[in-house]
Amino acid sequence: MSELIIKDLRASVADKEILKGVNLTIRGGEIHALMGPNGAGKTTLGSTLMGHPNYTITGGSIKLDGKELTNKTPEERARAGLFLAFQNPVSVTGVKLSSFLRTAYKQLHPEEKVPLSEFQGRIKDHLKKVGLDEEFLSRSVNDGFSGGERKRAEILQMVILRPKIVILDEIDSGLDVDALKLVADEIREYYSQEVGFLIITHYQRILKNIDPEFVHVLIDGKIAMNGEKSLALKIEEDGYDWIRSE
Ligand code: ADP
Ligand code: MG
Ligand code: MG
């Protein structure tokens, strides 16, 4: 079973400390929601976990299945089973989505020899499920994709690459109601006892479709409150001020 253990994680961006000691454990089969006001450090947490070069870890540790990831490259973290769907996915000009997925898959699962035709079949199947046309396969990754298309493409990457720990940073923002449903269906289909999720969101509408067992609130770089799904509902009604004052 997968287990991501984040211990007293501290990180800074441009010499400013943003994460001030985050503790969180995510196991296979668990769905965690992470909420928090703008600028709390949610994206910083996702990016720091993934090893983005702009974020410097200044303390604490990140372990996945007992393996220390703290000083590892993003590629090594991905190979260990970590996946991040970006809040703002960047485009990769000149790399077709189909070759990107094929290359990434081979790097992440070198032991699996999936014939190209079967692999393409899988991709086409999931393209349909996330509501993207087949022509996207021959387009450069995210290049000229609308905001919603980028989010769908991130979910496509998740199901194809089959990570053990999935971090989704505002996957619901910019999606219309129908797209949100397709994306939520894909997430639920991918969900299993082998996979743990951290869903970063402002809204409980995605949590209606994907039931989180745990809800955490990040405020000023620290987890200020832990709760159940009802906490997400309360935040949507009452905001964050009451948590700040507790
Ligand atoms: P959230 O995702 O919770 O809205 P972020 O993690 O994006 O918050 O940002 C946390 C804080 O870090 C903000 O004050 C933001 O301005 C700052 N920050 C993030 N990235 C950078 C950067 N590259 N340079 C300077 N400050 C940054
Ligand atoms: Mg934000
Ligand atoms: Mg953010």
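Before any of the text, the structure's been laid out above.
Residues numbered from 1 in each chain as written. Chains lettered and ligands numbered in written order. Predicted model: local features only at pLDDT ≥ 70, side-chain atom pairs only at ≥ 80, totals over all residues. Heavy atoms only, no water.

1. Structural notes on the site of ligand 1
As a matter of local geometry, ligand 1 sits amid 13 residues, with Gly39, Gly41, Lys42, Thr43 and Thr44 nearest to it. A distance of 2.8 Å is found between an oxygen atom of ligand 1 and a side-chain nitrogen or oxygen belonging to Lys42. Between ligand 1 and the protein, one listed contact pairs an oxygen atom with a backbone N or O atom of Thr43 at 2.9 Å. Protein contacts shield 63% of the accessible area of ligand 1, which totals 560 Å² for the unbound molecule. Counting residues per element, the ones that place at least two in the shell around ligand 1 are β2 (16–27) and α1 (42–50). For the shell around ligand 1, the element with the highest residue contribution is α1, accounting for three residues. Partitioned by chemical class, the residues of the shell around ligand 1 number six nonpolar, five polar and two charged. (Near = heavy atom within 4 Å. Polar contact = N/O pair within 3.5 Å; in protein donor to acceptor, adjacent residues only side chain to side chain. Areas by Shrake-Rupley, 256 points an atom, 1.4 Å probe, with all protein chains shown as cover. Helix = DSSP H or I, 4+ residues; strand = E, 2+ residues; numbered from the N terminus. Nonpolar A, V, L, I, M, F, W, Y, C, P; charged D, E, K, R; others polar.)

2. Topic: the packing of helix α3 (residues 97–108) against helix α5 (residues 147–161)
Orientation of α3 relative to α5, taken along the N-to-C sense of each, is 35 degrees, at an axis distance of 10 Å. For the pair α3 and α5, the sense of crossing is right-handed. Every residue of α5 that contacts α3 at Leu97, Phe100, Leu101, Ala104, Tyr105 and Leu108 is listed here: Leu156, Gln157, Ile160 and Leu161. (Axes fitted to C-alpha atoms, helices over the stretch in contact; angles between N-to-C directions. Left-handed = near helix turned anticlockwise from the far one by under 90°. Contact = heavy atoms within 4.5 Å.)

3. Concerning the coordination of the magnesium ion (ligand 3)
Every protein donor of the magnesium ion (ligand 3) is listed here as Thr43 (OG1) and Gln87 (OE1), and their distances to the metal cover 2.0 to 2.2 Å. Take Thr43: its relative accessible area is 28%, and that puts it in the partly exposed class. (Donors = N, O, S within 2.8 Å, 3.2 Å for Na, K, Ca; no water. Buried < 20%, exposed > 50% of the residue type's maximum accessible area, 1.4 Å probe, protein only.)

4. A few points about the nonpolar core
Core analysis: the largest hydrophobic core is formed by 51 residues, its most contacted members being Met158, Leu168 and Phe197. With seven residues, α5 is the largest single contributor of residues to this core. With residues up to four places along the chain from it excluded, the contact list for Phe197 reads Ile26, Glu30, Ile31, His32, Met158, Val166, Leu168, Ile187, Tyr190 and Tyr191. One finds Leu9, Met50, Ile62 and Ala80 within the second-largest nonpolar core, a separate group that totals 25 residues. (Core = buried A, V, L, I, M, F, W, Y, C linked by side-chain atoms within 4.5 Å.)

5. Let's talk about the sheet that holds strand β4 (residues 55–64)
On the basis of which strands lie adjacent, the open sheet formed by four strands has the order β2-β1-β4-β5 and antiparallel pairing. In this open sheet, the two strands that pair with only one neighbour each are β2 and β5 (67–68). Looking at chain direction, β4 and β5 are connected through two bridges and run antiparallel. Directly across from Lys63, in β5, lies its bridge partner Glu68. (Pairing = 2+ DSSP bridges.)

6. Observations regarding the packing of aromatic side chains
All chains considered together, the criterion is met by four aromatic pairs. Summarising the aromatic geometry, the rings of Tyr105 and Phe119 are spaced 5.1 Å apart at their centres and angled 50 degrees between planes, so their arrangement reads as tilted. You can see Tyr105 sitting in helix α3 and its partner Phe119 sitting in helix α4 (residues 116–130), a full 14 residues away along the chain. Across the pair, exposure class does not vary: Tyr105 and Phe119 are buried alike. Consider the rings of Tyr190 and Phe197, whose centres lie 6.5 Å apart with planes at 80 degrees: the pair is edge-to-face. On the basis of relative accessible area, Tyr190 is assigned to the buried category, the value being 13%. Here the aromatic cluster, defined as three or more aromatic residues joined through ring pairs, consists of Tyr190, Tyr191 and Phe197. Of note, Arg102 hangs over the ring of Phe119, and the distance from its end group to the ring centre comes to 5.2 Å. When the ring centre of Trp242 is taken as origin, the NZ or CZ atom of Lys234, which lies over that ring, is 4.5 Å away. (Phe/Tyr/Trp six-rings, centres within 6.5 Å; stacked < 30°, edge-to-face > 60°. Lys NZ or Arg CZ within 6 Å of the ring centre and 35° of its normal.)

7. Quick notes on the pairing of strand β1 (residues 3–13)
In this structure, β1 lies alongside β2, joined through nine bridges in antiparallel fashion. Considered in β2, the bridge of Val13 is made with Lys16. The turn linking β1 back onto β2 is made up of two residues, and Ala14 within it adopts a positive phi angle of 45 degrees. Looking at chain direction, β1 and β4 are connected through eight bridges and run antiparallel. In the sheet register, Arg10 faces β4, and the bridge partner there is Gly59.

Don't take any of this as a statement about function, it's just geometry.
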